[in-house]
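Residues per chain, in single letters:
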Amino acid sequence: MNPTAKKIIAIAISVAILSVAYYGEYLPLRKAQMFIATLQGLQGNPPTSLADLENRLSVPLDYPSPIGQEELVRNTANSVLGFVQQSPDATTTDELVGFLMGYYQPILSRGRGMSFGQDLYLVGAINEVAFARTGQANFLSTAQQYYEEGEQLGPNRPQPLYGLFDVYRAEGNVTGTVAIADKILTNWPSDQSVKQALAQFLAGAQTASGSAKAPAGK
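This is a predicted model, so every value here is computed, not measured.

J.: Got a minute to help me understand the overall build of the protein chain in this structure?
T.: Secondary structure assignment for the protein chain yields 9 helices and 0 strands. Just so you have it, the protein chain exposes about 12400 Å², and 57% of that area is on carbon and sulfur atoms.

J.: Could you clarify how one ought to interpret the pattern of salt bridges in this entry?
T.: A side chain with one charge may pair with a side chain of the opposite charge, provided their charged atoms come close. All told, the structure shown has 6 salt bridges when counted by the stated rule. Across the pair Glu70 and Arg110 runs a salt bridge, and its minimum N-O distance is 3.7 Å. Separated by 40 residues along the polypeptide, Glu70 in helix α3 (residues 69–86) and Arg110 in helix α4 (residues 90–110) bring together distant segments of the chain. For Glu70, a relative accessible area of 17% gives the class buried. Note that Arg74 and Asp119 form a salt bridge whose closest N and O atoms lie 2.9 Å from each other. Of this pair, Arg74 sits in helix α3 while Asp119 sits in helix α5 (residues 116–134); the two residues are 45 residues apart in sequence, bridging distant segments of the chain. Among the charged side chains, a network of salt bridges with common partners joins Glu70, Arg74, Arg110 and Asp119.

J.: I keep staring at the packing of aromatic side chains and nothing clicks. Help me out?
T.: The geometry of an aromatic ring pair is captured by the separation of the ring centres together with the interplanar angle, meaning the angle of the planes. According to the stated counting rule, one finds 3 aromatic pairs in the structure shown. A ring pair is formed by Tyr162 and Trp188, whose centres lie 6.0 Å apart and whose planes are at 45°; its orientation type is tilted. Highlighted residues: Tyr162 in helix α7 (residues 158–171) and Trp188 in the loop between α8 (174–187) and α9 (192–213), separated in sequence by 26 residues. By relative accessible area, which is 26% here, Tyr162 ends up partly exposed. Relative accessible area serves as the criterion here: at 27%, Trp188 is assigned to the partly exposed category.

J.: Help me understand the packing of α7 against α8, please; the structure alone is not making it clear to me.
T.: Between two packed helices, both the angle of their axes relative to each other and the distance between the axes serve to describe the pair. Following both chains from N to C, one finds α7 and α8 inclined at 155°, their axes separated by 9 Å at the closest point. With respect to each other, α7 and α8 are oriented roughly antiparallel. Regarding α7 and α8, the two cross each other, and that crossing is left-handed. Here α7 contributes Leu161, Tyr162, Leu164, Phe165, Tyr168 and Arg169 to the contact with α8, which in turn contributes Gly176, Thr177, Ile180, Ala181, Lys183 and Ile184. Residues that form the contact of α7 with α8 fall into these classes: 8 nonpolar, 2 polar and 2 charged.

J.: Explanation requested: helix α2 (residues 50–61) in the structure shown.
T.: Think of an α-helix as 3.6 residues a turn; residues three or four steps apart then line up on the same face. Between its first and last C-alpha atoms α2 spans 16 Å; for 12 residues at 1.5 Å apiece the expected length is 16 Å, and the two agree. Counting buried positions over the 12 residues of α2 gives 9, a clear majority of the element. Among the residues of α2, Leu50, Asp52, Leu53, Glu54, Arg56, Leu57, Ser58, Pro60 and Leu61 are the ones counted as buried.

J.: Looking at this structure, I do not really get the environment of Arg112. What am I missing?
T.: Take Arg112: it is sitting in the loop between α4 and α5. Expressed as a C-alpha distance, the spacing of Arg112 and Leu153, which sit 41 residues apart in the sequence, is 9.9 Å.

J.: Before we go on, may I ask you to explain the nonpolar core in this structure?
T.: The nonpolar side chains of a soluble globular protein tend to be buried, and buried together. Among the nonpolar cores identified, the biggest contains 30 residues, and Val97, Tyr104 and Leu108 are the most heavily contacted of them. No other element matches α4, which puts 9 residues into this core. Setting aside residues up to four positions removed in sequence, Leu108 forms contacts with Met101, Phe116, Leu120, Val123 and Tyr146. Core analysis: the second largest hydrophobic core is formed by 16 residues, Ala125, Leu140, Leu161 and Leu164 among them.

Scoring rules and cut-offs
- Residues numbered from 1 in each chain as written.
- Predicted model: local features only at pLDDT ≥ 70, side-chain atom pairs only at ≥ 80, totals over all residues.
- Heavy atoms only, no water.
- Helix = DSSP H or I, 4+ residues; strand = E, 2+ residues; numbered from the N terminus.
- Areas by Shrake-Rupley, 256 points an atom, 1.4 Å probe, with all protein chains shown as cover.
- Salt bridge = Lys/Arg side-chain N within 4 Å of Asp/Glu carboxyl O.
- Buried < 20%, exposed > 50% of the residue type's maximum accessible area, 1.4 Å probe, protein only.
- Phe/Tyr/Trp six-rings, centres within 6.5 Å; stacked < 30°, edge-to-face > 60°.
- Axes fitted to C-alpha atoms, helices over the stretch in contact; angles between N-to-C directions.
- Parallel < 35°, antiparallel > 145°, perpendicular 65-115°, else oblique.
- Left-handed = near helix turned anticlockwise from the far one by under 90°.
- Contact = heavy atoms within 4.5 Å.
- Nonpolar A, V, L, I, M, F, W, Y, C, P; charged D, E, K, R; others polar.
- Expected span 1.5 Å × (residues − 1).
- Core = buried A, V, L, I, M, F, W, Y, C linked by side-chain atoms within 4.5 Å.

Spelled out as C-alpha cells, the structure:
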C-alpha cells in the first residue's frame, strides 16, 4: 500500500473515531448536563409562569443528540408529574400535559424502547393525575389507554395494573374493577389495601344501583 493511501485511511479512521466520540459521548453527556442544570435552576429559581417553565425545560429537550432523548423525556415526565400534582389550575394542567405529550408522542409512536413500559406508565399516571385535578374525562380515557397498553406489554407488572384499578373505579366500571383486582390479588394476595378499596367500591356501586332502581316518592 502506498504512503498516500495509508494517510487517507488513517485520516478516515481518525474522523470516524472523533465522530463516534462526538455523537455517542459528548452530545448525550452535554444534554444530560443541561437537564441537571435546568432542574437545579428550577429548584433555586422557581418558574414565574407556565411559559417560563416550558421554555426552561425545552432547552435540554431540544438539544440535538442521537442518544438520550427518550431517557430525558422520561425524566422530564417525572418532573412534570410533580408540577401537575401541585397545580390547582385546570388550564395550566391541560397545557402542561399537552407540552409533555408533544415530546412523548414520537416515542410512543415507535412502540418500543429499553424502558417503554415505564414510558407508558408515566403517560398514564400524568393523565390520571390531570383527571383528578380537572375532572376532564379525556384525561381519564387517555390514562386507561396507556395503562392497558402497559398491561399488554407486561401482563404482571404492578404499575399498569394498579393504574387500571384506579381508572376503572373512577369510571364506575364494575366488571373491569373486579377483573383487575382479581389479577392484582392473584399476584399479591396479601395486599389488604386493594381488598378494602374493592369492597368499598362494590358497596358504593350496589348502593348506587339500588337508588337508581328505587321508585320515585310521591
